[in-house]
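Each chain, letter by letter, is given below.
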Amino acid sequence: MARPPRFDTNQLLDAAVRRAAVSGPAGVTMSAVAKEVGAPSGSVYHRFAGRSALLAEVWLRTVESFQEGYFEALEADIDARRAGRAAARHVVAWSRAHPQDAALLLYGAEEFGRADWSEEHLHRAEHGQQRVRTALAALAEALGAEGPQASECVTVALVDLPLSLVRRHLRAGAPLPAHAEELAEECATALLGTLPTGPASPKTAPATN
């Protein structure tokens, strides 16, 4: 019977997250990840075709983990405003629960070598981005918000604003304050209250494909 692999993909990606949190994308190399878990370099090459694949996988796994909780927050309440507030709160709560992953997301996909990603990895990235766009558009529609200004307002309230709160503290090397979730929710509430609206429509769940 073949022996099970000592180091699985998730262990190696966890190590890559730790390296990225300390040293940024430049610190995520095949040898550094192998050293982090005490594995031979061959174990990393067995799981990933090269450094570009490793960078793509660690970035996408982290983003997809965040997005799944974000979509759950958006879908959890039939009331669009409460769902929006929950989504803004999730950005901070997830970052508090996963500080190393959140530190990784301080960087962009380009800094994780997107230009060299495979077509499969690029497709996964675009699929996730499209799901977010669809979800936010559905929320804006449920709020009765019309026009590009209203759509931009929803994105700022539920994405840009809570992320900026997280980034300011993480980049300073400081923990998120206890009131951060509440502040993100309050700011989202205030900003959504400025939306120019038309007739409201029933809230629908975001598309998943």
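Note that the structure is predicted; figures quoted are calculated from it, not measured.

**Student:** Just checking my understanding: could you explain the pattern of salt bridges for this structure?
**Tutor:** If you walk through the whole model with that rule in mind, you get 11 salt bridges. One salt bridge connects D77 with R82, and the closest N-O pair in it is separated by 2.8 Å. Residue R133 pairs with E126 through a salt bridge whose shortest N-O separation is 2.5 Å. In the salt-bridge network here, residues are joined through shared partners; they are R18, R19 and E36.

**Student:** I would appreciate a short explanation of the layout of surface pockets in the present structure.
**Tutor:** With a probe scaled to a water molecule rolled over the atoms, the places where space remains empty come into view. In this structure, the largest pocket encloses a volume near 750 Å³. Lining the largest pocket are 28 residues, with V63, F66, Q67, V159 and L163 positioned closest to its centre. Every element with two or more residues in the lining of the largest pocket is listed here: helix 4 (51-75), helix 5 (80-97), helix 7 (119-142) and helix 8 (147-171). Grouping the constituent residues of the lining of the largest pocket by class yields 18 nonpolar, five polar and five charged.

**Student:** Would you mind going over empty space enclosed by the protein with me for this structure?
**Tutor:** This model, assessed by the stated rule, comprises two cavities of 30 Å³ or more. Taken as a whole, the second largest cavity holds about 30 Å³ of empty space. Contributing to the lining of the second largest cavity are L60, V63, E64, Q67, R124, A125 and G128. Among the secondary structure elements, those contributing two or more residues to the lining of the second largest cavity are helix 4 and helix 7. When residues in the lining of the second largest cavity are grouped by element, the largest group, four residues, is from helix 4. Considering only residue class, the lining of the second largest cavity consists of three nonpolar, two polar and two charged.

So, how was this worked out
- Residues numbered from 1 in each chain as written.
- Predicted model: local features only at pLDDT ≥ 70, side-chain atom pairs only at ≥ 80, totals over all residues.
- Heavy atoms only, no water.
- Salt bridge = Lys/Arg side-chain N within 4 Å of Asp/Glu carboxyl O.
- 1 Å grid on protein atoms, 1.4 Å probe; cavity = no way out; pocket = protein on both sides within 12 Å on 5 of 7 lines; lining within 4 Å.
- Points joined across faces, edges and corners; volume = space filled by probe spheres on them.
- Helix = DSSP H or I, 4+ residues; strand = E, 2+ residues; numbered from the N terminus.
- Nonpolar A, V, L, I, M, F, W, Y, C, P; charged D, E, K, R; others polar.

Shape is all these values report; function is a separate question.
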